Amino acid sequence: MNRTVRTKPYYVELETDRSYVWCACGRSRNQPWCDGSHRGTGTGPVTYRATRDNEEALFCGCKKTATPPFCDGAHNSLADVYPSDDPHSEKNRAVPEVRRHPAAAMLNGGCYVVATRHLPLQTSAGYRWGETVGASLGAVHQSQFYFETACLEETSQGSISFGDRSVVLFIAQGEARLRIGTQTLVVPEHAGVSILPGEAFSIRPASTGVDLKFFATVGPRAAAPEFLTDAEPGPDDCGSDDRGFDIRYPVRVAAIDPGKRSDMADRFFQILVDKSLGSPMLTQFIGMIPLSKAAPHRHLYEESLIVLSGTGCLWTDNLKTPVTAGDVIFLPHRQLHSLECTDSDGMFVVGVIYPGDNPAVNY
């Protein structure tokens with residue numbers, strides 16, 4: 001048995017123009033780097049040359065990655081059960097609980113939980129909206145806004161723009177009628193939508209009797225949405241139709257599809273919006289967490305999580321706070337955290353990572 005391989009990847013800050021030779025065989029005594037032990041095995045190392053200083057990288061430790069030399073999250077499925085932590089251990093029982101004041105609970109390193117039901121909302125162009133992730137709460141790369149609308153008269157609502165940024169929508173409640181330029185799309189509940197840079201959109205309930213609730217996550221970060229009138233359509237360029245719909249990406253809506261799930265031991269996720277829908281760095285996914293507390297870990301991206309169902313607890317270095325459906329969780333770059341599900345039926349979350357394209361990568 002190879003005893004030098006480990007489960008989690010190795011975090012490394014790289015230097016410009018330096019070559020890094022990653023061990024692929026798992027025999028090296030100088031992990032994750034090659035020491036020549038592969039000779040005779042038929043498995044050679046992989047060399048990566050850094051192009052900038054302080055580039056952050058996670059070099060695979062389990063040697064199961066499909067993207068050598070870097071981690072692709074394969075280590076999360078090496079066992080039948082996702083790596084976990086005991087919430088009832090003596091150490092964890094001593095962790096104090098943070099209360100919300102009034103809507104948000106602030107934890108270590110800029111992690112926080114905000115309840116949309118207590119979020120102060122303002123009204124603009126027929127929408128009620130408020131910020132859940134942004135500079136005011138410590139986000140560096142992404143922002144997120146919660147919206148409500150019960151308006152059924154399309155002419156009474158303006159369009160929403162975030163300028164030259166990528167936007168992903170998530171329909172949290174109701175079926176939506178979405179307009180991007182001249183294109184009108186019907187979006188089912190719990191579906192994701194890609195809005196491309198430069199596009200403006202308007203959205204309302206598809207039918208009477210149900211109020212519409214949705215989230216817009218934006219990258220790079222935006223201070224606030226811009227509300228346009230019909231006299232201010234989106235930009236017209238060679239890649240767009242006459243009202244701003246980028247025809248290079250005709251498919252924009254991603255619904256839940258069990259056939260597209262990616263397993264991570266006893267949990268799973270499905271990518272909703274990514275580069276295939278025109279969003280190269282802002283990636284949206286939906287995932288299920290079973291009754292458990294994940295082992296503490298970190299990411300190289302900022303992550304926002306919307307809790308769709310279930311109850312649980314967010315843990316950081318030495319603080320914790322309860323979470324429930326309707327809450328938004330913000331996880332800063334490289335901040336240690338653990339999300340616990342306390343519901344026997346499991347917890348469903350919708351996440352957006354930026355910048356990044358794989359929510360399975362952690363260390």
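On a predicted model such as this, the values are computed, not experimentally measured, just so you know. (Residues numbered from 1 in each chain as written. Predicted model: local features only at pLDDT ≥ 70, side-chain atom pairs only at ≥ 80, totals over all residues. Heavy atoms only, no water.)

Trainee: Which residues make up the overall build of the chain, and what values go with them?
Mentor: A count of helices and strands for the chain gives one helix and 28 strands. Relative to the compact-globule value of 21 Å for 363 residues, the chain shows a C-alpha radius of gyration of 22 Å, a close match. The principal-axis extent of the C-alpha atoms belonging to the chain is close to 70 × 55 × 35 Å. Burial analysis of the chain (363 residues in total) assigns 51% to the buried set. The contacts of the chain with a sequence gap of at least 6 include a subset with a gap of at least 24, amounting to 69%. Just so you have it, the chain exposes about 16300 Å², and 48% of that area is on carbon and sulfur atoms. (Helix = DSSP H or I, 4+ residues; strand = E, 2+ residues; numbered from the N terminus. Rg over C-alpha atoms; globule rule 2.2 N^0.38 Å. Buried < 20%, exposed > 50% of the residue type's maximum accessible area, 1.4 Å probe, protein only. Contact = heavy atoms within 4.5 Å. Areas by Shrake-Rupley, 256 points an atom, 1.4 Å probe, with all protein chains shown as cover.)

Trainee: Could you give me a rundown of the side chain of His-337, with the residues and numbers involved?
Mentor: In this structure, His-337 sits in the loop between β26 (327–331) and β27 (338–341). Its relative accessible area of 4% is what places His-337 among the buried residues. A polar atom in the side chain of His-337 sits 2.9 Å from the backbone oxygen of Gln-335. Not counting residues up to four positions away in its chain, the partners in contact with His-337 are Ala-295, Pro-296, His-297, Arg-298, His-299, Leu-314, Trp-315, Thr-316 and Leu-331. (Polar contact = N/O pair within 3.5 Å; in protein donor to acceptor, adjacent residues only side chain to side chain.)

Trainee: Tell me what's going on with the nonpolar core, and back it up with residues and numbers.
Mentor: Core analysis: the largest hydrophobic core is formed by 25 residues, its most contacted members being Phe-147, Phe-162, Leu-169, Leu-178, Phe-201, Ile-203 and Phe-214. Elements represented by at least two residues in this core include exactly β8 (127–133), β9 (143–149), β11 (166–173), β12 (176–180), β13 (183–187), β14 (192–195), β15 (200–205) and β16 (212–219). It is β16 that provides the largest number of residues to this core, a total of four residues. Ignoring anything within four residues of it in the chain, the contact list for Leu-178 reads Leu-169, Gln-183, Thr-184, Leu-185, Val-187, Val-193, Ile-195, Phe-201, Ser-202 and Ile-203. Core analysis: the next-biggest nonpolar cluster, separate from the first, contains 24 residues, Ala-105, Val-113, Val-323 and Ile-329 among them. (Core = buried A, V, L, I, M, F, W, Y, C linked by side-chain atoms within 4.5 Å.)

Trainee: If you had to explain the sheet that holds strand β25 (residues 320–324) to someone new, which residues and values would you point to?
Mentor: One open sheet holds the four strands; their spatial order is β22-β27-β24-β25, and the pairing between them is antiparallel. Looking at which strands have only one partner, the edges of the open sheet turn out to be β22 (292–293) and β25. In terms of strand pairing, strand β24 (residues 311–315) meets β27 through four bridges, oriented antiparallel. Each bridged residue has a counterpart across the sheet, and for Cys-313 the counterpart in β27 is Glu-340. (Pairing = 2+ DSSP bridges.)

Trainee: Describe the pairing of strand β21 (residues 283–289), with residues and values.
Mentor: With respect to burial, β21 is a largely interior element, seven of its seven residues being buried. Residue alternation in β21 divides its side chains into two sets, Thr-283, Phe-285, Gly-287 and Ile-289 and Gln-284, Ile-286 and Met-288, and both sets are buried. Relative to β21, strand β20 (residues 267–273) runs antiparallel, the two being bridged by five bridges. Within β21, the residue paired with Gln-270 across the bridge is Ile-286. Examined bridge by bridge, β21 and strand β28 (residues 347–354) share seven bridges and lie antiparallel to one another. Bridging across to β28, Phe-285 finds its partner in Gly-351.

Trainee: I'd like a description of the state of the cysteines, backed by residues and values.
Mentor: Taken as a whole and assessed by the stated rule, the structure comprises zero disulfides. A disulfide-free cysteine, Cys-71 has its sulfur positioned 6.2 Å from the sulfur of Cys-60, the nearest such atom. Given a relative accessible area of 10%, Cys-71 falls into the buried group. (Disulfide = S-S within 2.5 Å.)

Trainee: Quick one: what's the story with the environment of Phe-162, residue by residue and with numbers?
Mentor: Positionally, Phe-162 belongs in the loop between β10 (159–161) and β11. Judged by relative accessible area, which is 3%, Phe-162 ranks as buried. Taking the C-alpha atoms as reference points, Phe-162 and Pro-197, 35 residues apart in sequence, are found 7.8 Å from one another. Discounting chain neighbours no more than four positions away, the residues touching Phe-162 are Phe-145, Phe-147, Val-167, Phe-201, Ala-216, Val-218, Ala-222, Ala-224 and Pro-225.

Trainee: I'd like a description of the packing of aromatic side chains, backed by residues and values.
Mentor: Under the counting rule described, the total for this entry stands at 16 aromatic pairs. On the basis of an interplanar angle of 50 degrees and a centroid distance of 5.3 Å, the ring pair of Phe-59 and Phe-70 is categorised as tilted. Pair noted here: Phe-59 is in strand β4 (residues 55–59) and Phe-70 is in the loop between β4 and α1 (90–93), with a separation of 11 residues, a long-range link. On the numbers, 5.4 Å between centres and 35 degrees between planes, the contact of Tyr-112 with Phe-330 is tilted. A residue pair is termed long-range when its members are at least 10 positions apart, and Tyr-112 in strand β6 (residues 112–115) and Phe-330 in strand β26 qualify at 218 residues. Of the residues examined, Tyr-112 reaches a relative accessible area of 0% and is grouped as buried. If you follow Arg-267 out to its NZ or CZ, it ends over the ring of Tyr-82, 4.0 Å from the centre. The positively charged end of Lys-293 is found above the aromatic ring belonging to Trp-315, 4.8 Å away from the centroid. (Phe/Tyr/Trp six-rings, centres within 6.5 Å; stacked < 30°, edge-to-face > 60°. Lys NZ or Arg CZ within 6 Å of the ring centre and 35° of its normal.)

Trainee: So, the environment of Pro-102: which residues are in play, and what are the values?
Mentor: Note that Pro-102 resides in the loop between α1 and β5 (104–106). Assessed through its relative accessible area of 68%, Pro-102 is described here as exposed. Pro-102 sits 13 residues away from Ala-115 along the chain, and the two C-alpha atoms are 9.0 Å apart.

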